[in-house]
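Examination of the molecular architecture
Residue-level listing of the chains:
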Amino acid sequence: MESERTSPVQMIYNFFVFCVHVVPTVALLLLIGDGMHNFMDGIAIGIAFATGMQEGLGTSIAVFCHELPHELGKMSHYSNFISPILCLTSIAQAKITN
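These numbers come from a predicted model, not from an experiment.

What counts as what
Residues numbered from 1 in each chain as written. Predicted model: local features only at pLDDT ≥ 70, side-chain atom pairs only at ≥ 80, totals over all residues. Heavy atoms only, no water. Helix = DSSP H or I, 4+ residues; strand = E, 2+ residues; numbered from the N terminus. Buried < 20%, exposed > 50% of the residue type's maximum accessible area, 1.4 Å probe, protein only. Areas by Shrake-Rupley, 256 points an atom, 1.4 Å probe, with all protein chains shown as cover. Patch = residues over 30% accessible without salt bridge, like charges linked within 9 Å, V, L, I, M, F, W, Y side chains within 5 Å. Salt bridge = Lys/Arg side-chain N within 4 Å of Asp/Glu carboxyl O. Polar contact = N/O pair within 3.5 Å; in protein donor to acceptor, adjacent residues only side chain to side chain. Expected span 1.5 Å × (residues − 1). Contact = heavy atoms within 4.5 Å. pLDDT = per-residue confidence, 0-100.

Here's the deal with the overall build of the protein chain
- Helix and strand counts for the protein chain stand at three helices and zero strands.
- In the protein chain, the succession of helices and strands from N to C terminus is α-α-α.
- Counting every position in the protein chain, which comprises 98 residues, the buried fraction comes to 9%.
- A total of about 8,400 Å² of accessible surface is found on the protein chain, and carbon and sulfur atoms cover 73% of it.

Written out as structure tokens, the structure reads:
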């Protein structure tokens, strides 16, 4: 007996249906927008390398400099969640050792 395979289109549809029911709409829009942004950066880098090595390296450096503050900004959101947890664990450790 051969198992049924799900088509890629059906898998994408199922993923988006899952996201709509689980992930808030704003978070989904941010995720899709960020993904499209990174995809376009990749296309720009690919086209630049297809033009020439110097253009590709220049575009890669430009995209890196553009993305670095963006990704550091995301990390600050994570640190806003992680730093209080680390603070609480160090307080707990101090209480245990004293």
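Overview of a nonpolar patch on the surface
- Together, Ile12, Phe15, Phe16, Ile32 and Met36 make up a nonpolar patch on the protein surface, roughly 470 Å² of accessible area in all.
- Breaking the nonpolar patch down by element, the ones donating at least two residues are helix H1 (8–22) and helix H2 (25–51).
- Per element, the largest residue contribution to the nonpolar patch is three residues, and it comes from H1.
- Tracing the backbone shows Phe15 in helix H1.

Quick notes on the side chain of Glu67
- Here Glu67 lies in helix H3 (residues 53–97).
- At a separation of 2.7 Å, a polar atom in the side chain of Glu67 contacts the side chain of His37.

As for H2
- Here H2 spans 39 Å end to end across 27 residues, near enough to the 39 Å set by a 1.5 Å rise per residue.
- Along H2, the residues classified as buried are Leu28, Asp34, Asp41 and Ala48.

A word on the side chain of Asp34
- Residue position: Asp34 is located in helix H2.
- When its relative accessible area of 19% is taken as the criterion, Asp34 is described as buried.
- Ignoring anything within four residues of it in the chain, the contact list for Asp34 reads His70 and Lys74.

Some remarks on the confidence of the model for the protein chain
- In this model, the protein chain carries a mean pLDDT of 77, and residues with pLDDT of at least 70 account for 71%.
- For the protein chain, the element scoring lowest by mean pLDDT is H3, at 74; H2 scores highest, at 86.

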